[in-house]
Amino acid sequence: MIHWSLIVSFMGVLVAALGAYCGWFLFPNMVDKKVEESVIIADGSEQYKRFVQLPQPLTFKVYIFNVTNAQRIQQGAIPIVEEIGPYVYRQYRRKKVKHFSRDGSKISYVQDQHFEFDEEASAPYTQSDRIVVLNMHMNAFLQVFEREITDIFQGFANRLNHRLNRTPGVRVLKRLMDRIRGKQPYNWLHNIFIELINQVKSVLTIAENDPGLALLLVHLNANLKAVFNDPKSMFLDTTVREFLFDGVRFCINPNGIAKAICNQIKEGGSKTIRELSDGSLAFSFFNHKNGTGKEVYEVHTGKGDAQRVLEIQKLDDSHNLQVWLNGSEGETSMCNQINGTDASSYPPFRKRGDSMYIFSADICRSVELFYQSDIQYQGIPGFRYSIGENFINDIGPEHDNECFCVDKLANVIKRKNGCLYAGALDLTTCLDAPVILTLPHMLGASNEYTKMIRGLRPDAKKHQTFVDVQHLTGTPLQGGKRVQFNMFLKSINRIAITENLTTVLMPAIWVEEGIQLNSEMVAFFKKKLINSLKTLNIIHWASICGGIGVAAICLIYYVIQRRKPVAEVAPLK
């Protein structure tokens, strides 16, 4: 008969085997299925409600570079800046759903955003603080106008040169002049020809420098006072509230040419400039973000493939952007591709060593994030991701992404091939304004830019973009996008207010847009997922350890019992 200890030992092995099967196969599949069901966006589901209205507001922090030597900069000095902030805003997002696709795998929406100033988090800073900052709207208009004038005359010169080269008589004459150059007595003829060419160049130079076309540079210079409120320098003294949201007013009751200039600015369509009820214009960095957005997003709901949830499929009914340069034959470049989510959430089931994309409409591009390390956020495990060198440091033909080199800026600090130096990205075609993107405090930017500014304090821990993500669900735990907006400050021909300026890349503000899961959401997350995972993990290891322990004890007991001597029974007399 089988000893009872062997039966119990066998049962212990079965329990341990069952625990191993559950812990390494059954439970993970159950969890993955549950997570998959919870992240798919279906009409009326809990995830749909979280999709429409984020459970908590995002944090939007703004740091401003206050200029401390504005008058000296006007005389050619290198700018000295001082960071002030953060000015903290709560960013509420709500999506207005337009429709689901027929198969339920896509959902279209427009984004509502609302900003509220957080006085407590911003203290001691207030929106009434006065700041001295670059006059962004005036500087942008002057540079755009200069570029358009340059483009027009460069195009005229190119067409003239092309036509002259195609004229048979001119080609013969040029070959003849080459042959007689330096030979007597024909030197005088060669000199006459050269003088003729110089006269043509002189005419082109006069045409280029002389205010022509609809708005002449000389008239523009004379009307700056009426357009931009009698500026004494390229900087303005304003409040944080006006600079960021309410708007710095200009074009107040203009007349004549000034009115024509204001109309041109208004028709330019810049997002940062709006017309007020009295007909004047106002510049602000973020007022256009406050309200219902115009862009229509189409994203994946996760149906059929949970790992594609929230992946952007279309923006304004297009699979790609038309912002950056495309291939020579018109094929869509990698710069214009739309990849990833909008950073409010991420696909589930992340793996160590992988990467993922986010798309930012503010900078018109997709950004790749790379796995860095495992993290713990208030007891919630996750992965940390951050940007790589291919964000704005490695840009140019040598990195196969020259499509970012739009080369829309004249007479600025840039490479011979038109690309900016490392750490800077030209957003002119994205924002319809000559704005340059860098990391905060120009972290990692070329010395060509940083050597021309005093007061920058780059710090990778403070200024690098990162996000911590709960790897199973794709829920962001903390972190966000950190970027800086700059403009070139430079002398512009015939504009008196700029005549002594040194060409520099001038920082304006840097922002951090992200999230820190609050205590309420942490408790909810732990209750819904983390505690369940811990319970399953306890069952898993308790079954394995308990089963093996019972089996071992019973086997030991059985062996001991077998080794005991059997007592001899004396025979009956």
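Worth saying up front: this structure is predicted, and the values here are computed from it rather than measured.

### Some details on the pairing of strand β15 (residues 435–438)
Then, number 1: Side chains Val 435 and Leu 437 of β15 all project onto a buried face; the interleaved residues Ile 436 and Thr 438 project onto the opposite face, where all are buried too.
Then, number 2: In this structure, strand β14 (residues 425–426) lies alongside β15, joined through two bridges in antiparallel fashion. In the strand pairing of β15, Asp 426 is matched with Ile 436.
Then, number 3: Pairing of β15 with strand β17 (residues 475–489), which is carried by four bridges, proceeds in the antiparallel orientation. From the neighbouring strand, Thr 438 faces β17, where its bridge partner is Gln 484.

### What about the state of the cysteines?
Disulfides are covalent bonds that link the sulfur atoms of two cysteine residues.
Then, number 1: Enumeration according to the criterion identifies four disulfides in this entry.
Then, number 2: In this model, Cys 364 is linked to Cys 430 through a disulfide, with the two sulfur atoms separated by 2.0 Å. Across the disulfide from Cys 364 to Cys 430, rotation about the S-S bond amounts to roughly 75°, and the bridge is consequently right-handed. Of this pair, Cys 364 sits in the loop between β11 (355–360) and β12 (365–377) while Cys 430 sits in helix α11 (residues 428–431), placing them 66 residues apart in sequence. Note on accessibility: Cys 364 and Cys 430 belong to one class, buried.
Then, number 3: The disulfide partner of Cys 405 is Cys 419, and the gap between their sulfur atoms is 1.9 Å.

### Let's talk about the nonpolar core
Then, number 1: Grouped together as the largest cluster of nonpolar side chains are 120 residues, with contacts concentrated most on Tyr 89, Phe 285, Trp 324 and Phe 485.
Then, number 2: The greatest single-element share of this core, amounting to seven residues, is contributed by strand β18 (residues 504–516).
Then, number 3: Taken together, domain 2 (40–135 + 287–524) and domain 3 (138–179 + 189–230 + 248–283) each give at least three residues to this core, which thus spans both.
Then, number 4: If near-sequence neighbours (up to four positions away) are discounted, Trp 324 is found in contact with Cys 335, Asn 336, Ile 363, Cys 364, Arg 365, Cys 403, Phe 404, Val 406, Leu 425, Asp 426, Leu 427 and Thr 429.
Then, number 5: Leu 58, Leu 477, Ile 515 and Leu 517 belong to the second largest nonpolar core, which has 10 residues in total.

### Observations concerning unusual backbone geometry
Then, number 1: The omega torsion across Gly 85 and Pro 86 is 20°, close enough to zero to call that bond cis.
Then, number 2: Following the sequence through the fold, Pro 86 ends up in strand β2 (residues 81–100).
Then, number 3: In the segment running from Ala 123 into Pro 124, the intervening peptide bond is cis, with an omega of 10°.
Then, number 4: When you line up the elements, Pro 124 lands in the loop between α4 (119–122) and β4 (130–134).
Then, number 5: The backbone phi angle of Asp 317 is positive, close to 65°, even though this residue is not glycine.
Then, number 6: Relative to the elements of secondary structure, Asp 317 occurs in the loop between β10 (312–315) and β11.
Then, number 7: A positive phi angle, close to 55°, is found at Asp 432, a residue other than glycine.
Then, number 8: Within the element layout of this structure, Asp 432 appears in the loop between α11 and β15.

Definitions and cut-offs
Residues numbered from 1 in each chain as written. Predicted model: local features only at pLDDT ≥ 70, side-chain atom pairs only at ≥ 80, totals over all residues. Heavy atoms only, no water. Buried < 20%, exposed > 50% of the residue type's maximum accessible area, 1.4 Å probe, protein only. Helix = DSSP H or I, 4+ residues; strand = E, 2+ residues; numbered from the N terminus. Pairing = 2+ DSSP bridges. Disulfide = S-S within 2.5 Å. Core = buried A, V, L, I, M, F, W, Y, C linked by side-chain atoms within 4.5 Å. Domains from an automatic or database assignment. Contact = heavy atoms within 4.5 Å.

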